[in-house]
Amino acid sequence: MTPAPISRRRALALGGLGTAVVVAGATGWIASATASTGTGAFDPSGTGAELLQPPLLDSRDGRLAVELTAAAGVRLAGRDTSALGFNGGSPGPTLRVRPGDELAVLLTNRLVQPTNLHTHGLRVSPQANSDNPFVSIEPGASFDYLYRIPADHPAGTHWYHPHHHGMVADQLFGGLVGGLIVDRGPDLPITTDRLMLVTDITLDGAGAVVPANSTDRAMGREGRLLLVNGQHQPTLSAAPGTAERWRIVNACTSRVLALRLEGQQLVQIAQDGSFLSRPTRRDTLVLAPGNRADVVVQPTGTGRFALLADPYDRGSMMGSSTGDTGPTTLATLITSGPLRASTPLPAVLPAETLPTTPISRTRQTDFNMGMGGMGGGMAMSIDGRTFDPSRDDQIVAFGSTEEWTVTNTSPLAHPFHIHVWPFTVTAAGDGRATTGTPQDVVLIPPRGWVRLRIPFTTFAGRSVYHCHILDHEDAGMMATVVVT
Ligand code: C2O
Ligand code: CU
Ligand code: CU
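Draft legend 1. Broad picture of the overall build of the chain. When helices and strands are counted, the chain shows 5 helices and 33 strands. The C-alpha radius of gyration computed for the chain amounts to 21 Å, which stays within 12% of the reference 23 Å derived for 484 residues, consistent with globular compactness. Taken over the C-alpha atoms alone, the chain extends approximately 60 × 55 × 45 Å along its principal axes. Buried positions account for 57% of the 484 residues belonging to the chain. Taking all contacts inside the chain whose residues are at least 6 apart in sequence as the whole, residues at least 24 apart take part in 78%. About 18300 Å² of surface is accessible on the chain, with carbon and sulfur atoms providing 52% of the total.

Draft legend 2. Main features of the sheet that holds strand E32 (residues 461-467). Taken together, the 5 strands give an open sheet; going across it, the order is E26-E33-E32-E28-E30, and neighbouring strands pair in mixed fashion. Strands with a single pairing partner mark the edges of an open sheet, and in this sheet they are strand E26 (394-396) and strand E30 (441-444). In this sheet, neighbouring strand axes are inclined to one another by 25° on average, regardless of whether the strands run parallel or antiparallel. Across 3 bridges, E26 lies against strand E33 (residues 478-483) in parallel orientation. The residue bridging valine 396 from the neighbouring strand is valine 483, located in E33.

Draft legend 3. Geometry of unusual backbone geometry. In this structure, proline 91 follows serine 90 across a cis peptide bond, with omega equal to 0°. Take proline 91: it is sitting in the loop between strand E3 (79-86) and strand E4 (94-97). Backbone geometry places asparagine 87, a non-glycine residue, at a positive phi of 55°. Position of asparagine 87 relative to the elements: it lies in the loop between E3 and E4. Assessed through its relative accessible area of 40%, asparagine 87 is described here as partly exposed. The residue valine 420 is not glycine, and still its phi comes out positive at about 65°.

Draft legend 4. Seen up close, the coordination of the copper ion (ligand 2). In this structure, His118 (NE2) and His417 (NE2) serve as the protein donors to the copper ion (ligand 2), at separations of 1.9 Å. A residue pair is termed long-range when its members are at least 10 positions apart, and histidine 118 in strand E6 (residues 118-120) and histidine 417 in strand E28 (residues 414-418) qualify at 299 residues. Accessibility classification places histidine 118 together with histidine 417 in one group, the buried group.

Draft legend 5. Focus on the sheet that holds E6. Across the sheet, which stays open at both edges, the 5 strands sit in the order E1-E4-E9-E8-E6 with mixed pairing between neighbours. What marks the edges here is a single partner per strand, and that holds for strand E1 (56-58) and E6. Put simply, the sheet's adjacent strands are angled 25° from each other on average, direction ignored. Two elements, strand E8 (residues 156-161) and strand E9 (residues 178-182), share 5 bridges in a ladder whose sense is antiparallel. Each residue of the ladder has a partner; that of tryptophan 159, found in E9, is glycine 179.

Draft legend 6. Here's a closer look at the coordination of the copper ion (ligand 3). The coordination sphere of the copper ion (ligand 3) contains the protein donors His414 (ND1), Cys467 (SG) and His472 (ND1), at a distance range of 2.0 to 2.1 Å. Site description for the copper ion (ligand 3): donor spacing in sequence, H-x52-C-x4-H. By the burial criterion, cysteine 467 is buried, and histidine 472 matches it.

Draft legend 7. Representation of the nonpolar core. Grouped together as the largest cluster of nonpolar side chains are 33 residues, with contacts concentrated most on Trp404 and Phe416. Inspection of this core shows a minimum of three residues originating in each of domain 2 (192-335) and domain 3 (359-483). One finds Leu236, Leu266, Val297 and Ala309 within the second-largest nonpolar core, a separate group that totals 25 residues.

Draft legend 8. How the structure looks around the state of the cysteines. As enumerated under the stated definition, the model contains 0 disulfides in all. Unpaired in this structure, cysteine 252 has its nearest cysteine sulfur neighbour in cysteine 467, at a distance of 14 Å. Among the residues examined, cysteine 252 registers a relative accessible area of 0% and is labelled buried. With a relative accessible area of 0%, cysteine 467 lands in the buried category.

Draft legend 9. Spatial organisation of the environment of glycine 323. Take glycine 323: it is sitting in the loop between strand E22 (320-321) and strand E23 (328-335). Each C-alpha atom of the pair glycine 323 and alanine 83 lies 23 Å from the other, and the pair is 240 residues apart in sequence. Sequence-distant contacts of glycine 323, defined by excluding residues within four places in its chain, comprise Glu222 and Tyr312.

Draft legend 10. Up close: the packing of aromatic side chains. Across all of its chains, the model carries 11 aromatic pairs by this definition. With a centroid separation of 5.7 Å and 65° between ring planes, the pair formed by phenylalanine 416 and phenylalanine 423 is classed as edge-to-face. Take phenylalanine 416 and phenylalanine 423: they sit in the same class, and that class is buried. Each member of the aromatic cluster is reached from another via a ring pair, and the members are Phe367, Trp404, Phe416, Trp421, Phe423, Phe456 and Tyr465. Here arginine 462 stacks its cationic end above the ring of phenylalanine 134, 4.8 Å away from the centre of that ring.

What counts as what
- Residues numbered from 1 in each chain as written.
- Chains lettered and ligands numbered in written order.
- Predicted model: local features only at pLDDT ≥ 70, side-chain atom pairs only at ≥ 80, totals over all residues.
- Heavy atoms only, no water.
- Helix = DSSP H or I, 4+ residues; strand = E, 2+ residues; numbered from the N terminus.
- Rg over C-alpha atoms; globule rule 2.2 N^0.38 Å.
- Buried < 20%, exposed > 50% of the residue type's maximum accessible area, 1.4 Å probe, protein only.
- Contact = heavy atoms within 4.5 Å.
- Areas by Shrake-Rupley, 256 points an atom, 1.4 Å probe, with all protein chains shown as cover.
- Pairing = 2+ DSSP bridges.
- Axes fitted to C-alpha atoms, helices over the stretch in contact; angles between N-to-C directions.
- Donors = N, O, S within 2.8 Å, 3.2 Å for Na, K, Ca; no water.
- Core = buried A, V, L, I, M, F, W, Y, C linked by side-chain atoms within 4.5 Å.
- Domains from an automatic or database assignment.
- Disulfide = S-S within 2.5 Å.
- Phe/Tyr/Trp six-rings, centres within 6.5 Å; stacked < 30°, edge-to-face > 60°.
- Lys NZ or Arg CZ within 6 Å of the ring centre and 35° of its normal.

Shown next as structure tokens:
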């Protein structure tokens, strides 16, 4: 295998961006916890190496019991850094379970601030020691989570990350993410099945995480370095005629990924862990933070094909804008060898249909931003109120299906996310095509709206919905939902 050379232009661009990072707001907790010189640009290593998979922890006989330790000090982009990880890695181990399984996680907090765990996309109870976002695990403490995965849980690609309000952005940006796969779904003609967990981070020359400043927090911070499974611009080797399944997770704190594969077709088969009704070719695949897409790539010729993240404009505010200036290479597909006979994908996939119960109630909720936040910063709110974990914002009758119109009265795009209860998008202000496929994150454009159908038919309990730009969530763009 030949390592992909980093182009001189790209290297210069990265160096230039790195040195331009301004560390405002001084001592972020991560910086203060490390002996960092805070100078110079981070210099990634191992660029172009073959993509690795995080360690896989697989359930057996209906159970997976794991210990996860959240701590600083992981290898990232081929170097020792003071970034954060689970069990010494970012991403942490991939947890793979089956419908009907029990997943037990003993989470130990070796950070300098509280944390907890969220199983993003899993349809499990939000109560007690299941997927409960109100749990707080103090530094040095441990907590026993137990998730009972329903026997009828669809197979799909999900992920886990901390969800302690006020600290989520720092902890995800720091590297605390991991894959969570529900096996195994229909038999597809797949040669290689890969998890591709995309994160972004900004590191200084000493490998310390650069803290976000107030503009970063208002806009939603985007890291200077884009990584796949913690690697910088890795290579995926494949033979022509084979079929690669890529389980892509946008685990970035705020960045929207607009993905494009040069010279080959990107065929989407699932979104947010649910199969589409048919394989769908995507010239550009847009994933908001939190979204997942399973795509199949059946390379046709030999060569090098870059998987690119194009600039994506999330809107602008007070002279600050979002989005890179040019495309960034995430990874490179390298194909070589004789053409193998390929098996086409089935024309129809086993798409899930959510219950068709009539709508029993409609509601409206609005994501907004304004001046007058704490310390003179931006106030991030839902329906004019910042998050209060003790307040019940939406009270929903268990077993009912609701129609929610989610509006955005701000100049930035916000990805709406709700825990536990996935929805289908039935209409949107921008007239986008609706798929009928369940999902759990949907991007609402600046001054836009989306209409959702949400069956609250699986679990009762109290959970949250929020903006998945995690800086916004931490600043208060989150609300509670009580299903009772
Ligand atoms: Cu991935 Cu409430 O989050
Ligand atoms: Cu979630
Ligand atoms: Cu937002």
